[in-house]
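Coordinates in review
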Amino acid sequence: MPDPSHRPFPAMTIIRPNKMPSFWWVFPWAYARVLHMSANALKAYADRLEDILDLQSRTIKRQAADIKLLQARVRDQDDAIIKGTAITPDAHPHE
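Predicted model only: the values in this text are computed from it and were never measured.

**Let's talk about the overall build of the protein chain**
- Looking only at helices and strands, the protein chain features 1 helix and 0 strands.
- Residue burial in the protein chain is summarised as follows: out of 95 residues, 6% are buried.
- For the protein chain, the computed accessible surface area is about 9300 Å², with 63% contributed by carbon and sulfur atoms.

This is the structure in structure tokens:
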């Protein structure tokens, strides 16, 4: 059983738009550090979102291909039934 504490992605940084260090006007580099951390977190969110969108589009394409294949099989089976060449099992009454 997989370890429930295992996470495939690193923990994401929480972006707080109102997070401003105390006395930021005295220590402007502290505010720059907060902005830098928030920008990096936003970039990580965007990268993960892009990966998720790629996964979803691939899944939709595979599903569409599977649906077309199944529709073709059903169409072929319908044609075989109409022509009388479909394989049908012999009916045995249930006793």
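**Considering helix α1 (residues 28-83)**
- For α1, which comprises 56 residues, the first-to-last C-alpha distance of 82 Å matches the rise-based estimate of 82 Å (1.5 Å per residue) to within 8%.
- Of the positions making up α1, those classed as buried are A30, V34, S38, A41 and A80.
- Immediately beyond the C-terminal end of α1, within one or two residues, lies G84, with a positive phi of roughly 90°.

**As for a nonpolar patch on the surface**
- On the surface, a cluster of nonpolar side chains totalling about 510 Å² of accessible area is made up of F23, W25, V26 and F27.
- Here V26 lies in the segment before α1.

Rules used throughout
- Residues numbered from 1 in each chain as written.
- Predicted model: local features only at pLDDT ≥ 70, side-chain atom pairs only at ≥ 80, totals over all residues.
- Heavy atoms only, no water.
- Helix = DSSP H or I, 4+ residues; strand = E, 2+ residues; numbered from the N terminus.
- Buried < 20%, exposed > 50% of the residue type's maximum accessible area, 1.4 Å probe, protein only.
- Areas by Shrake-Rupley, 256 points an atom, 1.4 Å probe, with all protein chains shown as cover.
- Expected span 1.5 Å × (residues − 1).
- Patch = residues over 30% accessible without salt bridge, like charges linked within 9 Å, V, L, I, M, F, W, Y side chains within 5 Å.
- Salt bridge = Lys/Arg side-chain N within 4 Å of Asp/Glu carboxyl O.

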